[in-house]
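A structural walkthrough
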Amino acid sequence: MINDVFKTPVYQAKLKLDNKAISLYCVHHSKKDEGRTISNSGGYQSNFLNGSIPMLNELFVNIIHHSNEMAKLIGLKPTKLSDVWININGYKDSNLSHIHSHCVLSGVYYVKAPEKCGDLVLCNPASHMSYDWYDETLEEFNGYTASRDVMPAYEGGLYIFPSWLEHYVSPNMSQDKRISISFNMVV
């Protein structure tokens, strides 16, 4: 018998929003906000979005709803939206490996995700496993043996995960831009 003693939840939903309008908002915002460099390697990452943003209100309502669904499923207190920012990644732009400190849940919503635009890659929190479990020792990669898991980027895709889960975004190999909105939740 195997007892799964530690589990890492990743919540996924497909949202049906007006992504063309949200995309236009994101591009317009990038022209008036200088942005910042945190985990992005190339590309644009906005400063935190502040104030009322009617164009994103339906997205924010969905993020809060789905975050609280996840919180309920895994035994966390209800959450509220804390930080939100825009990511626009062109050809070969990516996001380096990182976590989101001082919050409970984090996530990403894909506004525009052309083919080969780079996926969300989640790193196994058992970081020392690769010292002894490497390619030559494994029969197969699965939830017990894989050092990372790939969540494909797709338009309308929403992923929510624990903020402590290390992750990165692989390079955009499309000639078109990938646009996403990332967020943090607190209790």
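Structure: above.
For the structure given in this document, a descriptive report is provided here. (Residues numbered from 1 in each chain as written. Predicted model: local features only at pLDDT ≥ 70, side-chain atom pairs only at ≥ 80, totals over all residues. Heavy atoms only, no water.)

**Describing the overall build of the protein chain**
Filter applied, for reference: Counting from the N terminus, the helices are the DSSP runs of H or I reaching at least four residues and the strands are the DSSP runs of E reaching at least two. For the radius of gyration, the atom set is restricted to C-alpha positions; the globular benchmark scales as 2.2 Å times the number of residues to the power 0.38. Burial classes: relative accessible area under 20% of the type maximum marks a residue as buried, over 50% as exposed, and values in between as partly exposed (1.4 Å probe, protein chains only). Note on contacts: a residue pair is in contact if any heavy atoms of the two residues lie within 4.5 Å. The Shrake-Rupley method, run with a 1.4 Å probe sphere, supplies the accessible areas, and residue values consider only the shown protein chains as cover. Positive charge is attributed to Lys and Arg, negative charge to Asp and Glu, and no charge count is given to His or to the chain ends. In plain terms, the charge of a residue is placed at NZ if it is Lys, CZ if Arg, CG if Asp and CD if Glu.
Secondary structure summary: the protein chain contains two helices and eleven strands in total. Taking 187 residues into account, the globule formula puts the C-alpha radius of gyration at 16 Å, and the protein chain, at 17 Å, falls close to it. Projected onto the principal axes, the alpha-carbon positions of the protein chain cover approximately 55 × 40 × 30 Å. Burial statistics for the protein chain: of 187 residues in total, 47% are counted as buried. Put simply, of all contacts in the protein chain between residues at least 6 apart along the chain, 86% involve residues at least 24 apart. For the protein chain, the accessible area works out to roughly 10,900 Å², and carbon and sulfur atoms hold 53% of it. Positive and negative side-chain charges in the protein chain, numbering 16 and 19 respectively, have mean positions lying 9 Å apart.

**Considering the pattern of salt bridges**
A side chain of one charge can pair with a side chain of the opposite charge if their charged atoms are brought near each other. This is how the line gets drawn: The salt bridge criterion pairs a side-chain nitrogen of Lys or Arg with a carboxyl oxygen of Asp or Glu, the two atoms within 4 Å.
Here the structure, examined in full by the defined rule, presents one salt bridge. A salt bridge links Asp176 to Lys112; the nearest nitrogen and oxygen atoms lie 3.0 Å apart. Here Lys112 lies in strand S6 (residues 105-112) and Asp176 lies in the loop between strand S10 (167-169) and strand S11 (178-186), a separation of 64 residues in the sequence.

**Looking at the sheet that holds S11**
Selection criterion: At least two DSSP bridges between two strands are required for those strands to pair. In this description, a line fitted to the C-alpha atoms serves as the axis of each element, helices being fitted only across the stretch in contact, and the angle between N-to-C directions of two axes falls anywhere from 0 to 180 degrees.
Spatial strand order, S1-S9-S6-S11-S4-S3: six strands in an open sheet with antiparallel pairing. Looking at the sheet topology across the chains shown, the edges are occupied by strand S1 (11-14) and strand S3 (44-45). Sheet topology places S6 next to S11; seven bridges connect them, and they run antiparallel. The residue bridging Leu105 from the neighbouring strand is Met185, located in S11. Across the sheet, helix H2 (residues 57-74) touches S1, strand S4 (80-89), S6, strand S9 (157-162) and S11, and the angle it forms with S9 is around 45 degrees.

**As for a nonpolar patch on the surface**
As a reminder, the rule being used: Here the term patch refers to residues with relative accessible area over 30% and no salt bridge, with like charges joined within 9 Å and nonpolar side chains (Val, Leu, Ile, Met, Phe, Trp, Tyr) within 5 Å.
On the surface, Ile2, Trp133 and Tyr144 cluster together to form a nonpolar patch covering roughly 380 Å² of accessible area. Position of Trp133 among the secondary structure elements: in the loop between strand S7 (120-123) and strand S8 (148-151).

**Regarding the environment of Tyr110**
Along the chain, Tyr110 falls in strand S6. You can call Tyr110 buried: its relative accessible area is 2%. The spacing of Tyr110 and Ile179 is 69 residues in sequence and 6.3 Å in space, taken between C-alpha atoms. With sequence-adjacent residues up to four places away left out, Tyr110 is seen in contact with Asn19, Asp119, Leu120, Ala153, Tyr154, Glu155, Gly156, Gly157, Tyr159, Arg178, Ile179 and Ser180.

**So, the sheet that holds S10**
Each strand in a sheet pairs with its neighbour through backbone hydrogen bonds, running either in the same direction (parallel) or in the opposite one (antiparallel). Taken in spatial order, the five strands make up an open sheet running S2-S5-S10-S7-S8, and their pairing is antiparallel. Edge strands, defined here as strands with exactly one partner in the open sheet, are strand S2 (40-41) and S8. In terms of strand pairing, S2 meets strand S5 (residues 94-98) through two bridges, oriented antiparallel. Each bridged residue has a counterpart across the sheet, and for Asn40 the counterpart in S5 is Asn95.

**As for the packing of aromatic side chains**
Convention followed: Here the aromatic set is Phe, Tyr and Trp, taking the six-membered ring for Trp, and pairing holds for ring centres within 6.5 Å; pairs whose planes are under 30 degrees apart are stacked, those over 60 apart are edge-to-face, and all others are tilted. Only when the NZ of Lys or the CZ of Arg is both within 6 Å of the ring centre and within 35 degrees of the ring normal is a charge said to sit over the ring.
Applying the stated criterion across every chain, the model contains three aromatic pairs. Ring centres of Tyr110 and Tyr159 lie 6.4 Å apart, and the angle between their planes is 80 degrees; on these two criteria the pair is classed as edge-to-face. Placement of the pair is Tyr110 in strand S6 and Tyr159 in strand S9, with a sequence separation of 49 residues. With relative accessibility at 0%, the residue Tyr159 sits in the buried group. What links up through ring pairs into an aromatic cluster is the set Tyr110, Tyr154 and Tyr159. Geometry around Phe48 places Arg36 over its ring, the cationic atom sitting 4.5 Å from the centre. A cation over a ring is seen here: Arg36 above Trp85, with NZ or CZ 5.4 Å from the ring centre.

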